[in-house]
Structure formats: structure tokens, C-alpha cells
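This is what each chain is made of:
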Amino acid sequence: MSTGERSEARKKTVGAGPGFCHALGLMVLVISEWVRADLKDATSLASNSYLKDMIRFAAELSEADWYKPAVDLYDKLSFGQPRAALWAAVFMALAVRLNRHGPEEAQQVLSWVTAAYCLLATVALLPYLAAPGGGGLILLLAVSAGVVSVATL
């Protein structure tokens, strides 16, 4: 294998599938932290503008048969600490991507486990996606994908 060439295991570890899920997890983490910080500030005017959209979206999702089991699974897998678990998953995903010379099999497992958790977090936290609006959501996803991509280089 020449310098700069990736092994097959490394390609699976940092491929597009887990990379997209990692970017989703990073995006949802940023949005949820922004909403959390915004709601702490009782005088914030921004809170009023997006909360109605989040509440309406959450109400629509609550009627879907698949949404509650996804949220319940997310809560169980996070051991009651969903915020900390999402931080840990995103951090671990970025650490795996940055560590080009680590044990390939272990990194592949970590990459796919964090990708699955990030995807589940995105589904469970779907109402948060209403907060930034359509344009903001696309921008945040692009920035998140860029961060994941840069960590992979």
C-alpha cells in the first residue's frame, strides 16, 4: 500500500454512509445546544419564533406509529443522558476519523456504532430540525459535513 492510500477497512470506517450519519449527529448536536442555550435566556426573542414550529412538528410526529419507539430506544441507549451520549458519539466519531493510524477493526466498529447512534438521535430529535428553518438546516448540514470531511482527510 502506497503512502496516502487507504486500506479497505479504513474506507469502510470513514466512508460516505457513516460520514453522512456522523454529519447528521453533529448537526443535531449543534441545533440542540443552540436551542438549549437560547431557552436559558428568558429574554431571548429568537425563542418565540421557532418554538411554535418545533411544537407543531413534535405533535405531528407523536401521531406516527414509528416515532415513539424510536424516541424510547434513544432514551434507553443513552442511559437517561441523551445530551451526554450524543456529545460522546459525535466526539468519538470525529476522533476515529482523525486517527488515521489506529486499530482498523476497532475503529470500524466505533465508526458504525456512532453512525447508528447519530442516526437514531437525528430521528428522535426531529422536532429540533424545525428550529433553524429550511435554509439554516441546509447550511448547518453542509457545515457539519464539511467538518466531518476535514476530520477525515
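First things first, this report covers the structure right here in the doc.

Conventions and cut-offs
- Residues numbered from 1 in each chain as written.
- Predicted model: local features only at pLDDT ≥ 70, side-chain atom pairs only at ≥ 80, totals over all residues.
- Heavy atoms only, no water.
- Helix = DSSP H or I, 4+ residues; strand = E, 2+ residues; numbered from the N terminus.
- Expected span 1.5 Å × (residues − 1).
- Buried < 20%, exposed > 50% of the residue type's maximum accessible area, 1.4 Å probe, protein only.
- Arc of directions from axis to C-beta.
- Contact = heavy atoms within 4.5 Å.
- Disulfide = S-S within 2.5 Å.
- Core = buried A, V, L, I, M, F, W, Y, C linked by side-chain atoms within 4.5 Å.
- Polar contact = N/O pair within 3.5 Å; in protein donor to acceptor, adjacent residues only side chain to side chain.
- Phe/Tyr/Trp six-rings, centres within 6.5 Å; stacked < 30°, edge-to-face > 60°.
- Axes fitted to C-alpha atoms, helices over the stretch in contact; angles between N-to-C directions.
- Parallel < 35°, antiparallel > 145°, perpendicular 65-115°, else oblique.
- Left-handed = near helix turned anticlockwise from the far one by under 90°.
- Patch = residues over 30% accessible without salt bridge, like charges linked within 9 Å, V, L, I, M, F, W, Y side chains within 5 Å.
- Areas by Shrake-Rupley, 256 points an atom, 1.4 Å probe, with all protein chains shown as cover.
- Salt bridge = Lys/Arg side-chain N within 4 Å of Asp/Glu carboxyl O.

Note on helix geometry: an α-helix contains 3.6 residues per turn, so any two residues three or four positions apart are oriented the same way. When the terminal C-alpha atoms of helix α7 (residues 133-152) are compared, their 28 Å separation across 20 residues agrees well with the 28 Å that a helix rising 1.5 Å per residue should span. For α7, the complete set of buried residues consists of Ser 144, Val 148, Ala 151 and Thr 152. Seen end-on, α7 carries its buried residues on one side only, within an arc spanning 105°. Along α7, the residues that are exposed and aim more than 90 degrees away from the buried face are Gly 135, Ile 138, Leu 139 and Val 150. Here the buried face of α7 lies against α2 (16-40) and α5 (82-98).

So, about the state of the cysteines. As enumerated under the stated definition, the model contains zero disulfides in all. For the unlinked cysteine Cys 21, the closest cysteine sulfur is that of Cys 118, found at 7.6 Å.

Attention now moves to the nonpolar core. If you look at the biggest cluster of nonpolar residues, it comprises 27 residues, and the most contacted ones within it are Tyr 74 and Leu 86. Breaking this core down by element, the ones donating at least two residues are α2, α3 (46-62), α4 (67-77), α5 and α6 (104-124). In terms of residue count, the dominant contributor to this core is α2 (seven residues). Filtering out sequence-adjacent residues up to four positions away, Tyr 74 remains in contact with Pro 82, Leu 86, Tyr 117, Leu 120, Ala 121, Ala 124 and Leu 125.

The next thing to look at is the side chain of Ser 7. With respect to the element layout, Ser 7 can be found in the segment before α1 (8-13). The exposure class of Ser 7 is buried, given its relative accessible area of 14%. Side-chain polar atoms of Ser 7 contact the backbone nitrogen of Arg 10, separated by 3.1 Å. One polar contact links Ser 7 to Glu 104, side chain to side chain, over a distance of 2.5 Å.

Let us look at the packing of aromatic side chains. Applying the stated rule across the entire model yields three aromatic pairs. Ring centres of Trp 34 and Tyr 50 lie 4.9 Å apart, and the angle between their planes is 40°; this geometry places the pair in the tilted category. Separated by 16 residues along the polypeptide, Trp 34 in helix α2 and Tyr 50 in helix α3 bring together distant segments of the chain. Assessed through its relative accessible area of 39%, Trp 34 is described here as partly exposed. With centroids separated by 5.5 Å and ring planes inclined at 35°, the aromatic side chains of Tyr 74 and Tyr 117 adopt a geometry described as tilted.

Interaxial distance between α5 and α6 falls to 9 Å at its minimum, and their mutual angle equals 140°. Taken together, the axes of α5 and α6 lie oblique to each other. Along this stretch, α5 crosses α6, giving a crossing that reads as left-handed. Together, Pro 82, Ala 85, Leu 86, Ala 89, Val 90, Met 92, Ala 93 and Val 96 of α5 and Gln 107, Leu 110, Ser 111, Thr 114, Tyr 117, Cys 118 and Ala 121 of α6 make up the contact between the two elements.

Let's shift gears to a nonpolar patch on the surface. Together, Leu 139, Val 143 and Val 147 line one region of the surface with nonpolar side chains, adding up to about 260 Å² of accessible area. Structurally, Val 147 is set in helix α7. For Val 147, a relative accessible area of 37% puts it in the partly exposed group.

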